[in-house]
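# Secondary and tertiary structure notes
Here are the chains, one letter per residue:
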Amino acid sequence: MNGLDVGKLREDFPILKKKINGKELIYFDNAATTQKPTQVIDGIKYFYENLNANPLRSIHTLAEKSTKAYIDAKEKIAKFINADSPDEIIFTKNTTESINLVSFSLRFKPGDRVATTMMEHHSNILPWLRLKPYGINVDLVDTDENLELDYSYYERLPDDIKLVTLTHESNVSGTINDVEKVVKLTHEKGALVLIDGAQSVPHMKVDVKKIDCDFLAFSGHKMLGPMGIGVLYIKGGIAEKMNPFLTGGEMIKSVRLDNVIYADPPALFEAGTQNVEGAYGLGLAVDYLSKIGMDNIEAHEKELTEYALKKMSSLDNVEVYSGKSRNFGAIISFEVKGLHPHDVAYLLDREGIAVRSGFHCAQPFIEQKLKQHGTARASFYLYNTHEEIDRFIEALKTMNKKRS
Amino acid sequence: MDEMKFYELSEIYKNPPHFKKIENPTYSYEGFSPSCGDNFTVYLKVNDKKIEDASFFGYGCVVSTISLSKLCDYIIGKNIDILNEIDLAKIEALVGIDQINPSRIKCATLGIDSFKKAVTNKKEPKN
Ligand SMILES: Cc1ncc(COP(=O)(O)O)c(C=O)c1O
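Residues numbered from 1 in each chain as written. Chains lettered and ligands numbered in written order. Predicted model: local features only at pLDDT ≥ 70, side-chain atom pairs only at ≥ 80, totals over all residues. Heavy atoms only, no water.

## Focus on the overall build of chain A
Rule in force here: Put simply, DSSP H or I for four residues or longer makes a helix, DSSP E for two residues or longer makes a strand, and each gets a number counted from the N terminus. What the globule rule says is 2.2 Å times the number of residues to the power 0.38, and the radius of gyration is computed from C-alpha atoms. Burial status follows relative accessibility: with a 1.4 Å probe on protein chains alone, a residue under 20% of its type maximum counts as buried, one over 50% as exposed, and anything between as partly exposed. Any two residues having at least one pair of non-hydrogen atoms within 4.5 Å are treated as being in contact. Surface exposure here means Shrake-Rupley accessible area, sampled with a 1.4 Å probe, where a residue is shielded only by the protein chains that are shown.
Of the regular secondary structure elements, chain A holds 13 helices and 17 strands. The C-alpha atoms of chain A give 22 Å as radius of gyration, which agrees with the globular expectation for 404 residues (22 Å, within 12%). Counting every position in chain A, which comprises 404 residues, the buried fraction comes to 58%. Restricting to contacts in chain A with at least 6 residues of sequence separation, those with at least 24 account for 70%. Approximately 16700 Å² of chain A is accessible, and the part contributed by carbon and sulfur atoms is 51%.

As structure tokens, this is what we get:
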């Protein structure tokens, strides 16, 4: 057993008490977004009742409170990922915007090369394919039959490599990549590394100093925080060599029509009124996760995933695509034989069980590597239980066998 | 859609009528739903504006497959202009479900959209 009192912490998540189609909700779509604890929900209400004003601009008391809420959130997040300074934390909308920010602001020149991988979410493929018409070459690092990356690519990086970008954990197969190894090899070649932490930061201790990455992107809504707030970590010293992203208010020092002086990072990348409510809420989510302990969360999810995988592999009508790699997280892609993934999701929904189905925004990985037209996907989080998995397995067991 | 209806449809799904390719069709179109991965090519054989045969071939969920199958049933023998009269409500009626869940509307309309695009020969934007 591990150090989580799941029964107790479930009390913090009001939505888990909901009935769906007359059944108790089992929420297994955590890779898409997670549920929120009352600490976050009530915190946002508290923000609007007590702290709301436009931050960073006005000098009245409330504006100072709002500014403090925003800055405090950055400090909490910096500490959470072990960044050196809150100035290394840029607030964005989500992982997608964080990655796009790098693709728009890093100074690429024609002939530069970017390496992404075959197991990425579309949000870590399209921002790079977008650069192709500007003369940027894009490599897609392959995966093997165990859905692991072909690390030999990084051992023989091309000389023109400028940026290596990869997901820490696949949102389809749950494969956890050896990002430390990739960073080491890439830095030896003098290039930068971006890690898509959308599926890792919520589920394990991610330490940017230990990984030594240059960029880390993640989304608040996948880690108990509100939607519409995301993070881009930029290692100190790198932002100074980047162009602005969006332009407008707050990202400048001085605007004379013939001479615009931009602000220093991180303000350079945070144009316009920011999502302070979101930042504040994400700070509270980070407090919540830290209190529970990321190691406890990781251990709990590992136990759940192994339990589910073992049970699923004993079902003759189910094919599982996850769990083949040496290291994997709490994401299980599967198929029920003879049923389309949407129909699997529909039938599970009738039982109150929420799973995702389709391409999971990773069409190249699913079509070319899994050779599927889509999968059904169950993904777990700290509030999921063994009993829920038992009910899920019962639902799968009879699926497509009933009344036929 | 309730579960009984689903299982009734999933019986037809195993071997749906009009699931075939047509050689030398007058019109054809490959329809694709990017979020689901559903992928069907539709075929029409038309003579003097009359639909002599209609079919579909590919891969999709129960809702998209049965919608296509019932649609073919319905349009064969009719004037090609019938395609313009078919909307979601018509598909729901053909399939025999009261109201399709919002998340499945795209599945239900993939077929009719593809037939319409086949005739107008509209290509999806590609980069
Ligand atoms: C690995 C990965 N990267 C990026 C994203 C995109 O996240 P968001 O939609 O919050 O920008 C997701 C979430 O779907 C993901 O799983």
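## Here's the deal with the interface of chain B and chain A
Stated formally: As used here, buried area is the combined drop in accessible area, with a 1.4 Å probe, of two parts when they are placed together. A carboxyl oxygen of Asp or Glu within 4 Å of a side-chain nitrogen of Lys or Arg is what we treat as a salt bridge.
Listed as interface residues are 22 residues of chain B and, on the opposing side, 21 residues of chain A. Each partner contributes to the roughly 1800 Å² buried at the junction of chain B and chain A, and carbon and sulfur atoms together form 54% of this total. Of all residues in chain B, B:Glu3, B:Tyr7 and B:Tyr59 give up the largest surface area on contact with chain A, accounting jointly for 34% of the area buried on that side. Run the count over chain B and chain A and you get one salt bridge.

## Re the packing of aromatic side chains
We count it as follows: Two aromatic rings, drawn from Phe, Tyr or Trp (for Trp, its six-membered ring), form a pair once their centres lie within 6.5 Å of each other, and the interplanar angle then sorts them: stacked below 30 degrees, edge-to-face above 60, tilted otherwise. Charges are assigned to positions over rings by a cutoff of 6 Å between ring centre and Lys NZ or Arg CZ, combined with an angular limit of 35 degrees from the ring normal.
In this structure the tally under the stated criterion is 19 aromatic pairs over all chains. Through pairs of rings, three or more aromatic residues link up here, namely A:Phe13, A:Tyr288, A:Tyr381 and A:Tyr383. Over the face of the ring belonging to A:Phe104 we find A:Arg130, whose NZ or CZ atom lies 3.6 Å from the ring centre. We note B:Lys78 situated over the ring of B:Tyr74; from NZ or CZ to the ring centre the distance is 4.1 Å.

## With respect to the packing of helix α2 (residues 38–50) of chain A against helix α9 (residues 276–292) of chain A
Residues and elements named next belong to chain A. Cut-off, in case you're wondering: For helices, the axis comes from a line fit to the C-alpha atoms of the stretch in contact; other axes are also lines fit to C-alpha atoms, and the angle between any two N-to-C directions lies between 0 and 180 degrees. Here a crossing is taken to be left-handed if its near helix is turned anticlockwise relative to the far helix by less than a right angle, and right-handed if that turn runs clockwise. Note on residue categories: nonpolar means Ala, Val, Leu, Ile, Met, Phe, Trp, Tyr, Cys or Pro, charged means Asp, Glu, Lys or Arg, and polar means any other residue, Gly included.
One can describe the packing of α2 onto α9 by two numbers: an axis separation of 9 Å at closest approach and a directional angle of 145°. Read as a crossing pair, α2 and α9 show a hand that is right-handed. On α9, the residues that touch Gln39, Val40, Gly43, Ile44, Tyr46, Phe47 and Tyr48 of α2 are Val276, Glu277, Tyr280, Gly281, Leu284, Ala285 and Tyr288. A class-by-class count of the residues in the contact of α2 with α9 yields ten nonpolar, three polar and one charged.

## Describing the side chain of B:Ser64
Residues and elements named next belong to chain B. Let me state the cut-off plainly: In protein, a polar contact means a hydrogen-donor-capable atom and an acceptor-capable atom, both N or O and within 3.5 Å, with residues adjacent in sequence counting only if both atoms are side-chain atoms; elsewhere, any N or O pair within 3.5 Å suffices.
Positionally, serine 64 belongs in helix α2 (residues 62–75). We classify serine 64 as buried; its relative accessible area is 1%. At 3.1 Å, the side chain of serine 64 and the backbone nitrogen of cysteine 61 are in polar contact. With near-sequence residues (within four places) excluded, serine 64 lies in contact with Asp38, Phe40 and Cys107.

## Looking at the sheet that holds strand β1 (residues 27–33) of chain B
Sheets are built from strands paired through backbone hydrogen bonds, the pairs being either parallel or antiparallel. All names here are of chain B. Which entries qualify depends on this criterion: A pair of strands is considered paired only if DSSP assigns at least 2 bridges between the two.
Pairing is antiparallel in the open sheet, where three strands are placed in the order β1-β2-β3. The sheet is open, and its two borders are formed by β1 and β3 (50–59), each paired with just one other strand. Between one strand axis and the next, the sheet turns by 15° as a mean value, whatever way the strands run. Judged from the nine bridges that link them, strand β2 (residues 38–47) and β3 form a sheet pairing that is antiparallel. Paired with leucine 44 across the bridge in β3 is alanine 54.

## Section: the domain arrangement of chain A
All names here are of chain A. This is how the line gets drawn: An automatic or database domain assignment supplies the start and end points of every domain.
Taken domain by domain, chain A consists of domain 1 (6–30 + 293–403) and domain 2 (40–291). Each of domain 1 and domain 2 has a C-alpha centre, and these two points are 28 Å apart. Counting residues at the interface gives 37 residues for domain 1, matched by 35 residues for domain 2. Both faces considered, domain 1 and domain 2 share a buried interface measuring about 2900 Å² in area, 58% of it formed by carbon and sulfur atoms. Our count for the contact surface shared by domain 1 and domain 2 stands at two salt bridges. Residue arginine 326 is joined to glutamate 148 by a salt bridge in which the shortest nitrogen-to-oxygen separation is 2.8 Å. Of all elements in the fold, only α10 (294–313), β14 (331–336) and α12 (363–369) reach the threshold of two or more residues within the side of domain 1 that touches domain 2. By residue number, the principal contributor to the side of domain 1 that touches domain 2 is α12, which donates six residues. Of the residues belonging to the side of domain 1 that touches domain 2, the class tally is 19 nonpolar, ten polar and eight charged.

## Structural notes on the pairing of β14(A)
Residues and elements named next belong to chain A. Across the six residues that make up β14, a large majority, five, are buried. Strand direction decides the pairing type here: strand β13 (residues 318–320) and β14, joined by three bridges, are antiparallel. Note that in β14 the partner of valine 318 across the bridge is valine 336. Of the strand pairs in this sheet, β14 and strand β17 (residues 375–379) are connected by four bridges, and their pairing is antiparallel. The partner of phenylalanine 334 across the bridge, within β17, is alanine 376.

## Section: the sheet that holds strand β10 (residues 230–234) of chain A
Residue and element names in this part refer to chain A. Spatially, β4-β10-β9-β8-β7-β5-β6 is the arrangement adopted by the seven strands of the open sheet, whose pairing is mixed. Only two strands of the sheet have a single partner each, and these edge strands are β4 (89–92) and β6 (137–141). Across this sheet, the average inter-strand angle for adjacent strands is 20°, counted without regard to direction. Where strand β8 (residues 192–196) meets strand β9 (residues 215–219), three bridges bridge the pair, whose relative direction is parallel. By the bridge assignment, aspartate 196 is partnered in β9 with alanine 217. Here helix α4 (residues 95–105) sits on the sheet in contact with β4, β7 (161–167), β8, β9 and β10, set at roughly 155° to β9.

## Here's the deal with the nonpolar core
Where a protein is soluble and globular, its nonpolar side chains tend to be buried together. All names here are of chain A. Heads up, the rule is: What is meant by a nonpolar core is a set of buried Ala, Val, Leu, Ile, Met, Phe, Trp, Tyr and Cys residues, joined one to another through side-chain atoms within 4.5 Å.
Within the largest apolar cluster, 76 residues are counted, with the highest numbers of intra-cluster contacts made by Ile81, Tyr154, Leu216 and Leu382. Of the residues forming this core, the biggest block, ten residues, is contributed by α9. Here this core spans two domains, since at least three of its residues come from each of domain 1 (6–30 + 293–403) and domain 2 (40–291). Setting aside chain neighbours within four positions, we find tyrosine 154 in contact with Thr117, Val141, Leu149, Val164, Leu166, Val182 and Leu185. Residues Ile26, Val344, Ala376 and Leu396 belong to the second largest nonpolar core, which totals 66 residues.

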